[in-house]
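Summary of structural features
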Amino acid sequence: MEPTSVTAGVVTIRILFILLPLIMGTIHIFWRKNYPGFSKIECYFSYFLVIGVGLQSLLIGHLEMAQGELVATYIGWPNTPFLSELGKANVAFGILGVLCFWFKGGWRSATALGYSLFLMMAAFGHYRYFIYENHAHAATIGPLIATNMILATCLFVLLIIRSAASKKFSPY
C-alpha cells in the first residue's frame, strides 16, 4: 500500500472523529430539543469528549502500544520506548473521554482542557521539529496536525461557551 493512500486513510479517519460528534450532536439536539433543561452546548461537548477524545485516543493509544513499529514507520521516526509511553498517555485520555459520558461538570472541563493542551503542545512540537530539523513527514506535519488543532480548538470554544453560559468562571 502506498504511503500517500495510508496517509489519506488516516486523515479521513481523523476527520471523521471531528465530524461524528457534530453529526451525532445535531441528531441528538433534534431528538431532545423540547426537553426542559436540555443544553445544546452540553450535548455537543459530550459528543466531542466521548468520540473525539475518548474513542479517538483509545484507538491511537492502542496503535502506539501494540503496533509501535508500524506507527514509527508511518511517522518517519525511530521506534523507541517513548512511543509506547505516548500510547499510554493516549489511552489514559481515552478513558477520561469515555468516562465523560457518565461524569459531568468539572470532570468534563478538566478532560477537555487537558486533552486540548496535549494536542496543541504536540502540534507546536511537531512544527518546531519541522522548522529546526527540516523533518517534513506527512504524518508529523500537515493535515494530521491540522485535525488535532481543529479538535483542540473545538474543545476550547465549547469549554468557553459552556463556562459563559453557566456563569461559573471560578472553580470554587
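Scroll up for the structure.
Residues numbered from 1 in each chain as written. Predicted model: local features only at pLDDT ≥ 70, side-chain atom pairs only at ≥ 80, totals over all residues. Heavy atoms only, no water.

One finds Phe45, Leu49, Tyr115, Leu151 and Leu155 to be the most contacted residues of the largest nonpolar core, which totals 16 residues. Counting only elements with at least two residues in this core, the list comes to helix H2 (40-66), helix H5 (106-133) and helix H6 (143-166). The greatest single-element share of this core, amounting to 5 residues, is contributed by H6. When near neighbours in sequence (up to four residues on either side) are disregarded, Phe45 contacts Arg108, Ser109, Ala112, Leu155, Leu158, Leu159 and Arg162. (Core = buried A, V, L, I, M, F, W, Y, C linked by side-chain atoms within 4.5 Å. Buried < 20%, exposed > 50% of the residue type's maximum accessible area, 1.4 Å probe, protein only. Helix = DSSP H or I, 4+ residues; strand = E, 2+ residues; numbered from the N terminus. Contact = heavy atoms within 4.5 Å.)

Think of two packed helices as two axes; the pair is described by the angle between the axes and how far apart they sit. Running from N to C, H2 and helix H4 (residues 81-99) point in directions that differ by 155°, and their axes come no closer than 7 Å. Here H2 lies roughly antiparallel to H4, going by the angle between them. Of the two elements, H2 crosses H4, and the hand of that crossing is left-handed. Across the interface between the two elements, Leu49, Val50, Val53, Gly54, Leu55, Ser57, Leu58, Ile60, Gly61, His62, Glu64 and Met65 from H2 touch Leu83, Ser84, Leu86, Gly87, Lys88, Asn90, Val91, Phe93, Gly94, Ile95, Gly97 and Val98 from H4. Across the contact of H2 with H4, the residue classes break down as 13 nonpolar, 9 polar and 2 charged. (Axes fitted to C-alpha atoms, helices over the stretch in contact; angles between N-to-C directions. Parallel < 35°, antiparallel > 145°, perpendicular 65-115°, else oblique. Left-handed = near helix turned anticlockwise from the far one by under 90°. Nonpolar A, V, L, I, M, F, W, Y, C, P; charged D, E, K, R; others polar.)

Interaxial distance between H2 and H5 falls to 11 Å at its minimum, and their mutual angle equals 55°. Between H2 and H5, the angle falls in the class oblique. In terms of crossing hand, the pair formed by H2 and H5 is left-handed. On H5, the residues that touch Glu42, Phe45, Ser46, Leu49, Gly52, Val53, Gln56 and Ser57 of H2 are Arg108, Ser109, Thr111, Ala112 and Tyr115.

Our next topic: H6. Spanning 24 residues, H6 covers 34 Å between terminal C-alpha atoms, matching the ideal 34 Å at 1.5 Å per step. Along H6, the residues that are buried comprise Leu144, Ile145, Thr147, Asn148, Leu151, Ala152, Leu155, Leu158, Leu159 and Arg162. Positioned one or two residues after H6, Lys167 has a phi angle of 55°, which is positive. (Expected span 1.5 Å × (residues − 1).)

Turning to the packing of aromatic side chains, a few remarks are in order. The tally for this structure, following the rule as stated, stands at 5 aromatic pairs. Seen from their ring centres, Phe101 and Trp102 are 5.0 Å apart, and the 85° between their planes marks the pair as edge-to-face. With respect to class, Phe101 is no different from Trp102; both count as exposed. Put simply, the rings of Phe93, Tyr115 and Phe118 pair up and form one aromatic cluster. One cation-aromatic arrangement involves Arg32 over Trp31; the distance from NZ or CZ to the ring centre is 5.5 Å. (Phe/Tyr/Trp six-rings, centres within 6.5 Å; stacked < 30°, edge-to-face > 60°. Lys NZ or Arg CZ within 6 Å of the ring centre and 35° of its normal.)

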